[in-house]
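Here's the letter readout for the chains.
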Amino acid sequence: MIEVFVDAATAGSPKVSAVGVFIRGEGHSIKHKEFVGEMDNHVAEFTALIKGLEIAAELTSEMVSIKSDSKVVVDAFEKEFIKNPLYKPLLEEALKISKTFTYCFIKWIPDSQNRAAHELAGTALRANRKE
């Protein structure tokens with residue numbers, strides 16, 4: 001099983017965001033950070049989830065445990081439903097990728113347990129905002 005920790009960082013006006021993904025397990029220790037541009041924090045959190053799933057899919061693991069500190073993302077993924085039409089295509093993309101795994105589940109974790117992904121997202125955001 002691999003664990004996929006995802007997080008996003010959003011700041012400024014207009015709001016700009018970055019994502020962080022930390023993957024561990026099955027001999028992997030992968031850190032990914034990426035500036036993703038102008039978007040609100042929920043779109044950024046869904047974007048982090050999608051990026052984490054995309055990276056995990058390249059590892060050909062059968063079992064994936066996703067960890068996120070975004071209750072909106074976790075609830076939507078678990079229920080396979082979200083009311084807001086802005087987030088619907090993002091949820092659909094995440095669910096589509098998740099179906100490529102034999103087992104894929106998500107768990108909400110507090111910020112204190114998501115530090116690796118949080119630091120990656122923050123670093124990418126700060127680096128871009130200095131440019």
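All of the points below concern the structure found in this document. (Residues numbered from 1 in each chain as written. Predicted model: local features only at pLDDT ≥ 70, side-chain atom pairs only at ≥ 80, totals over all residues. Heavy atoms only, no water.)

Remarks on the environment of Thr60
Structurally, Thr60 is set in the loop between helix H1 (41-58) and strand E4 (63-68). On the accessibility criterion, Thr60 (66% relative accessible area) is exposed. Taking the C-alpha atoms as reference, Thr60 lies 29 Å from Ser112; in sequence the two are 52 residues apart. (Helix = DSSP H or I, 4+ residues; strand = E, 2+ residues; numbered from the N terminus. Buried < 20%, exposed > 50% of the residue type's maximum accessible area, 1.4 Å probe, protein only.)

Focus on helix H3 (residues 88-98)
Listed as buried for H3 are Leu90, Leu91, Ala94, Leu95, Ile97 and Ser98. Viewed along the axis of H3, the buried residues span an arc of 160 degrees, placing them on a single side of the element. More than 90 degrees from the buried face of H3, the exposed residues found are Glu92 and Lys96. (Arc of directions from axis to C-beta.)

Quick notes on unusual backbone geometry
In this structure, Glu26 is a non-glycine residue whose phi angle is positive, near 55 degrees. Structurally, Glu26 is set in the loop between strand E2 (16-25) and strand E3 (28-38). For Glu26, a relative accessible area of 45% translates into the label partly exposed. Positive phi, close to 55 degrees, is recorded for Glu80, a residue that is not glycine. Here Glu80 shows up in the loop between helix H2 (71-79) and H3.

Details of the pattern of salt bridges
Pairs can form between side chains of opposite charge once their charged atoms are near each other. A complete count under the given rule lists five salt bridges for this structure. A salt bridge links Glu3 to Arg24; its shortest N-O distance comes to 2.6 Å. In this pair, Glu3 is assigned in strand E1 (residues 2-11) and Arg24 in strand E2, connecting sequence segments 21 residues apart. Across the pair Lys51 and Glu34 runs a salt bridge whose closest N-O atoms are separated by 3.6 Å. Taken together, the residues span a long stretch of sequence, with Lys51 in helix H1 and Glu34 in strand E3 at a distance of 17 residues. Given a relative accessible area of 28%, Glu34 falls into the partly exposed group. Salt bridges sharing partners connect three or more residues here, namely Glu3, Arg24 and Lys67. (Salt bridge = Lys/Arg side-chain N within 4 Å of Asp/Glu carboxyl O.)

Points about the packing of H1 against H2
Two elements in contact, H1 and H2, have axes separated by 9 Å at closest approach and are oriented at 60 degrees. With respect to each other, H1 and H2 are oriented oblique. Considering how the two elements wind past one another, H1 and H2 form a crossing that is right-handed. Here H1 contributes His42, Glu45, Phe46, Leu49 and Leu53 to the contact with H2, which in turn contributes Val72, Val73, Ala76 and Phe77. (Axes fitted to C-alpha atoms, helices over the stretch in contact; angles between N-to-C directions. Parallel < 35°, antiparallel > 145°, perpendicular 65-115°, else oblique. Left-handed = near helix turned anticlockwise from the far one by under 90°. Contact = heavy atoms within 4.5 Å.)

Overview of the packing of aromatic side chains
Inspection of the entire model under this criterion finds two aromatic pairs. An angle of 35 degrees between the planes, with centres 6.1 Å apart, marks the rings of Phe5 and Phe22 as tilted. Residue Phe5 is located in strand E1, and its partner Phe22 is located in strand E2; the two are separated by 17 residues in the primary sequence. With respect to class, Phe5 is no different from Phe22; both count as buried. Arranged with centres 5.8 Å apart and planes meeting at 25 degrees, the rings of Phe46 and Tyr87 form a pair that is stacked. Here Phe46 is found in helix H1, whereas its partner Tyr87 is found in the loop between H2 and H3, with 41 residues between them in sequence. The side chain of Lys71 reaches across the aromatic face of Trp108, ending 4.6 Å from its centre. (Phe/Tyr/Trp six-rings, centres within 6.5 Å; stacked < 30°, edge-to-face > 60°. Lys NZ or Arg CZ within 6 Å of the ring centre and 35° of its normal.)

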